[in-house]
Amino acid sequence: MASEEASLRALESLMTEFFHNCTTNERKREIEELLNNFAQQIGAWRFCLYFLSSTRNDYVMMYSLTVFENLINKMWLGVPSQDKMEIRSCLPKLLLAHHKTLPYFIRNKLCKVIVDIGRQDWPMFYHDFFTNILQLIQSPVTTPLGLIMLKTTSEELACPREDLSVARKEELRKLLLDQVQTVLGLLTGILESIWDKHSVTAATPPPSPSSGESGGDLLSSLLQSPSAAKLLNQPIPILDSESEYICSLALECLAHLFSWIPLSTSITPSLLTTIFHFARFGCDTRARKMSSVNGSSQNSVLGQERGRLGILAMSCINELMSKNCVPMEFEEYLLRMFQQTFYLLQKITKENNAHTVKSRLEELDESYIEKFTDFLRLFVSVHLRRIESYSQFPVVEFLALLFKYTFHQPTHEGYFSCLDIWTLFLDYLTSKIKSRLADKEAVLNRYEDALVLLLTEVLNRIQFRYNQAQLEELDDETLDDDQTEWQRYLRQSLEVVAKVMELLPTHAFSTLFPVLQDNLEVYLGLQQFVVTSGTGHRLNITAENDCRRLHCSLRDLSSLLQAVGRLAEYFIGDVFAARFNDALTVVERLVKVTLYGSQIKLYNIETAVPSVLKPDLIDVHAQSLAALQAYSHWLAQFYSEVHRQNPEQFISLVSTALEAITPLISSKVQEKLLLSACHLLVSLATTVRPVFLIRIPAVQKVFNRITDTSAQRLPDKAQVLVCRALSNVLLLPWPNLPESEQQWAVRSTNHASLISALTREYRHLKSSAILPQRKVRLEDTKVIIHQTLSVLEDIVESISGESTKSRQICYQSLQESVQVSLALFPAFIHQSDVTDEMLSFFLTLFQGLRVQMGVPFTEQIIQTFLNMFTREQLAESILHEGSTGCRVVEKFLKILQVVVQEPGQVFKPFLPSIISLCMEQVYPIIAERSSPDVKAELFELLFRVLHHNWRYFFKSSVLASVQRGMAEEQMENEAQFSAIMQAFGQSFLQPDIHLFKQNLFYLETLNTKQKLYHKKIFRTTMLFQFVNVLLQVLVHKSHDLLQEEIGIAIYNMASVDFDSFYSAFLTEFLASCDGVDSNQKNVLGRNFKMDRDLPSFTQNVHRLVNDLRYYRLCNDSLPPGTVKL
């Protein structure tokens, strides 16, 4: 090597060149290779030590530290002990000498390198590692440095990464736990002394009366002790920047320590109180004010720093709060923590002459508010049940503070987070009441006022009338997770309303209904402003202010209709009679409103501001239909109660609703409104099912419109919904009537003619399908196929769970169309988009109507498919037609899944050809492809073949099971069974984690249900191959998310024959492991205790895997040619 000086100069110029923006990537790669080769040389660290002490170039220092890091973490075992001693003494000296002048990122990296040495060598070879850190912290000059070292030690040693053996990890944690008490004592001392030192000087000016810091009664009830209240009322000291910095480091250390140390009495009351003192920095708006008044950048930085101390202190508190396991002796401390935090909450939400609550919250740091909200969430979700029982803890007062905090949040996100907390609280209350029905009233009375207030305020927040400025900021255009910001806001608010309704139905209803009523009056009053103009109807409201007020009122009406719809579930079931009048009032209003909207055709009206008011009017109309639809279960219950005696009121409601629906079922109506009307029609036909529906003129009108070929077809979605409704009117049994009065004969004839009309064009395709298609004709044909099959598929799906009679009639009507589909199938086998739709239709038929189709026809269908899907056709679909082709094959496999699950002997003859299709045709095409397409469906089919046809492979006779010890059960079709198992084994070697998880689950299910792992063929030829593959997967860390599932599966396999596992398999497995020597293999074997219970066994597996990886890492780090004895 060249001299150190020359090497340093060369390295500096290389580094400068590397980071220069003119250097090409090619040259950068050359430099990188050169630097890597230099780092690999034995003894390179000596040069790096010289570089570190002699250069001011950041890049060179960073590079030198990386060389050390690599040496310590990857090659330390092979470094001579003399060199190790030298490194251990030189690096800390270097740090001490230069820590004040080094850039912070270099200093932190150097600390990490020293901690890495400690991780390897403390306490055996580096006994003063931790004592040095404690000394640094105690010496005022080096306190910051000591704190950085302490935090790095906590990060690197408490939860070390892979590269340590399990024994060493356990040893380090134990060593650190021994030091916790000392460390916490030191940190408490530092924070207290800085606070006290600055408090004295800061406390001289008395607090001004306007700042009004005294807490009043609530505070003393929270804190239970005047001295604590007095302490927390001291003015916050002004810290110099050095003290500020030390405190922030100390709090960062505490937050990390709290993340892993258990709750215990080492966390003393004085430490907790001190942390709370610092949490007050976050609520101190004066610091920020001061900085803005003085204007200097120095001061504003100070203001931010002080806010940061508050954030760090809250992080410490939240770390403690998130621990669910609280020892008895710590409960009192927790109570004290809550009391102190609620003092802060009270401070934040305090109103006085100078501040509204909202302006106070706006002045606080956003991150501080976030941390505070996190605290409140943890309090309610983890600790409320524990704390509520303390008589001295005022829960209702806490809710009052939370209420203020929630409704003065400066941001939408903050408000959402607070609504989440209320939802958690309401869930807690609901489950508490369900478990303690005896004192339900007492619990509700305690919280009633708070809940009513919450409800009123949440309702106000969704109305433009009270909250226009904020609501107009919400985005209602961009979709995120299928909803816009406005929809999310409304949905979350309505969930809170619904949960309050569940607890206090009468209050909730009497709060909501009058508000709805007010907005309905405005809407129903629009009729007087409708004038007839030359082109149609016009809304004669033109003044800008009136239009704006109308816009707000319509938006609110739309939201309130959604609220009323959301509450429908609280009027049915056991409470139907008790809340009947309220529900009837709502439904009557909704029916009236929908009819009014359809009669005066507000959706087609001209307005002064069409871009705003027209969508508003359409939305209100659509929401009124949707709200009425939400009450369809209530209507069904109403029908069952009154159908015998006086159904007039019910008949009138349903007939009027249908009068509101029918004018909207037209291709001229906007889609949003049309779909709302269709959904309501479907609910009336499916959920309510009144016997008189078919006789209502409005419904007959819809029948005529849909079956009239000259009428313009509705958009696809609407057409499908209307056809479903009409089909259900004829197919579904009428409630409350005996079988003899169902009039099946007439309904069957009507259904047949309905389907015949809907499929007329489709059935004509059969004759022309044989001829070669011209391009234009082909496109038309595809449209007919798409339109017809989407309707038929939906009709079958909607009755698949219904009575046999309904399914019989359905199949009779569809029979001809099904045969046409089967005849058309071969003609379109190369059009994957058509095949996709046809197979979807057949899959739905198989799932819903296979019994009605009968065996011979079902066999014909399966045979047709098996003949069409040749190896060539499968390859074309999977390899050349992209995602549609793969979807086609997946649907075909799904149909076969239905077939192989069918009980009885009917479809058993197909098993051999289904298995051979899977294993000889589909599997070879997809086995080597990395893409997950088709694989999940194929393996599900193989699982179903095994699960539902176990006796196809294992003929278990009664005699054999009686003489279990003597006869091994007979095995049939062994070759196919082995091939399937091999495919499962192969799938565990592939990177796709979803497939891995699914297939592991399938094997485990087969073991639970059919004792797969115990079968002789599996036990003798496959068991340990599977265990081997699963262990290798753990060692390679390729599917780390599934560690737990893999560990359990290995246990279930090994437990079939623990003796063989310990005596034969484990030894063979270790013998076959490369990268470890025989001594290490013996240690690994010895450490694997012969436990037979699941927790200990899986722990042993993970220990084996961890240590095997660690030994390989160690062995890789030894210098070449090392001889080991």
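Residues numbered from 1 in each chain as written. Predicted model: local features only at pLDDT ≥ 70, side-chain atom pairs only at ≥ 80, totals over all residues. Heavy atoms only, no water.

If you tally the helices and strands in the protein, you get 52 helices and four strands. Each of the three principal axes of the protein carries a C-alpha extent, and together these read 100 × 85 × 70 Å. A burial count over the protein gives 54% of its 1125 residues as buried. In the protein, of all internal contacts separated by at least 6 residues, the share reaching a separation of at least 24 is 75%. For the protein, the accessible surface area stands at approximately 50,500 Å², while carbon and sulfur atoms represent 53% of it. The protein carries 107 positive and 124 negative side-chain charges, and their two centres are separated by 2 Å. (Helix = DSSP H or I, 4+ residues; strand = E, 2+ residues; numbered from the N terminus. Buried < 20%, exposed > 50% of the residue type's maximum accessible area, 1.4 Å probe, protein only. Contact = heavy atoms within 4.5 Å. Areas by Shrake-Rupley, 256 points an atom, 1.4 Å probe, with all protein chains shown as cover. Lys, Arg positive; Asp, Glu negative; His and termini not counted. Charge placed at Lys NZ, Arg CZ, Asp CG, Glu CD.)

Relative to the elements of secondary structure, T858 occurs in helix α38 (residues 855-868). Within the local environment of T858, its side chain forms a polar contact with the backbone oxygen of G854, the two atoms lying 2.5 Å apart. Aside from chain neighbours lying at most four places away, what touches T858 is F846, R850, M853 and F907. (Polar contact = N/O pair within 3.5 Å; in protein donor to acceptor, adjacent residues only side chain to side chain.)

What follows covers the state of the cysteines. For the structure shown, the criterion picks out zero disulfides. There is no disulfide at C247, and the cysteine sulfur nearest it, in C316, is 12 Å away. (Disulfide = S-S within 2.5 Å.)

Let us look at the confidence of the model for the protein. Per-residue confidence for the protein gives a mean pLDDT of 87, with 91% of residues at or over 70. Considering only residues more than four positions removed or in separate chains, one finds that residues 201-223, a stretch of pLDDT under 50, has 32 contacts. Per-residue pLDDT stays below 50 along residues 287-300; that stretch engages in 12 contacts with residues further than four places along the chain or on separate chains. (pLDDT = per-residue confidence, 0-100.)

This brings us to the environment of P1095. Residue position: P1095 is located in helix α52 (residues 1094-1117). Judged by relative accessible area, which is 56%, P1095 ranks as exposed. Each C-alpha atom, one on P1095 and one on T662, is 64 Å from the other, the two residues being 433 residues apart in sequence.

Once that is clear, we can look at the pattern of salt bridges. Counted under the stated rule, the structure contains 42 salt bridges. For R119, the salt bridge goes to D116, with nearest N and O atoms at 3.9 Å. Remark: D116 and R119 occur in helix α6 (residues 104-121); sequence separation between them is three residues, near one turn of the helix. Neither residue differs from the other here; R119 and D116 are each classed as buried. Within the structure, one salt-bridge network assembled from shared partners comprises E69, K109, K112, D116, R119 and E156. (Salt bridge = Lys/Arg side-chain N within 4 Å of Asp/Glu carboxyl O.)

Here the focus is the environment of E472. Its place among the elements puts E472 in helix α22 (residues 464-473). With relative accessibility at 48%, the residue E472 sits in the partly exposed group. Once the C-alpha coordinates of E472 and W486 are considered, the two residues, 14 residues apart in sequence, prove to be 9.1 Å apart.

Moving on to the packing of helix α21 (residues 440-461) against helix α23 (residues 485-503). Contact pair α21 / α23: the axes reach a minimum separation of 10 Å and the direction vectors enclose 150 degrees. Classified by the angle their axes make, α21 and α23 are roughly antiparallel. The element α21 and its partner α23 pack so that their crossing is left-handed. Along its contact with α21, which presents L444, L451, L454, L455, V458, L459 and R461, the element α23 presents Y489, S493, V496, V497, V500 and L503. (Axes fitted to C-alpha atoms, helices over the stretch in contact; angles between N-to-C directions. Parallel < 35°, antiparallel > 145°, perpendicular 65-115°, else oblique. Left-handed = near helix turned anticlockwise from the far one by under 90°.)

Helix length check: helix α37 (residues 832-853) (22 residues) gives 25 Å between terminal C-alpha atoms against 32 Å at 1.5 Å per residue, more than 12% under. A bend of about 65 degrees at Q847 is the largest found in α37. For α37, the tally of buried residues reaches 17 of 22 residues, placing the bulk of the element in the interior. Looking one or two residues beyond α37, the residue adopting positive phi is G854, at roughly 80 degrees. (Expected span 1.5 Å × (residues − 1). Bend = angle between axes of the 7 residues up to and from the residue.)

The next subject is the packing of aromatic side chains. Here the structure, examined in full by the defined rule, presents 74 aromatic pairs. Measuring from ring centre to ring centre gives 5.4 Å for F1018 and F1026, while their planes differ by 15 degrees; the resulting arrangement is stacked. Per residue, the accessibility class of F1018 equals that of F1026, and both read buried. With a centroid separation of 5.9 Å and an interplanar angle of 40 degrees, the aromatic rings of Y1110 and Y1111 are classed as tilted. The pair Y1110 / Y1111 is uniform in exposure class, with both members buried. Among the aromatic residues, those joined into a cluster by ring pairs are F1024, Y1051, F1058, F1061, Y1062, F1065, F1069, F1088 and F1097. The ring of W486 carries R555 above its face, with NZ or CZ at 4.8 Å from the centroid. Over the face of the ring belonging to W734 we find R747, whose NZ or CZ atom lies 3.9 Å from the ring centre. (Phe/Tyr/Trp six-rings, centres within 6.5 Å; stacked < 30°, edge-to-face > 60°. Lys NZ or Arg CZ within 6 Å of the ring centre and 35° of its normal.)

Negative phi values dominate among residues other than glycine, just as trans dominates among peptide bonds. A cis amide bond links W122 with the next residue in sequence, P123, at an omega value of 0 degrees. Of note, the phi angle at D481 is positive, near 55 degrees, even though the residue is not glycine. Inspection of the secondary structure assignment puts D481 in the loop between α22 and α23. Even without a glycine there, the phi angle at N973 is positive, about 50 degrees. You can see N973 is positioned in the loop between β4 (970-971) and α45 (974-987).

Below, the discussion takes up the environment of A983. When you line up the elements, A983 lands in helix α45. Separated by 41 residues in sequence, A983 and L942 place their C-alpha atoms 9.6 Å apart. Apart from residues lying up to four places away in sequence, A983 is in contact with M919, Y923 and F939.

Before going further, it helps to spend a moment on α21. The terminal C-alpha atoms of α21, which comprises 22 residues, lie 30 Å apart, in line with the 32 Å expected from a rise of 1.5 Å per residue. Where α21 bends most, the angle comes to about 50 degrees, and this point is Y447. What α21 keeps buried is the set V443, L444, Y447, A450, L451, L454, L455, V458, L459 and R461. Of the surrounding elements, those touching the buried residues of α21 are α19 (395-407), α20 (412-435), α22, α23, α24 (505-524) and α25 (544-566).

Looking at the element boundaries, Q998 is found in helix α46 (residues 993-1010). Of the polar contacts made by the side chain of Q998, one reaches the backbone oxygen of A936; its length is 3.2 Å. Ignoring any residue separated from it by four or fewer positions in sequence, one finds Q998 in contact with A936, F939 and E940.

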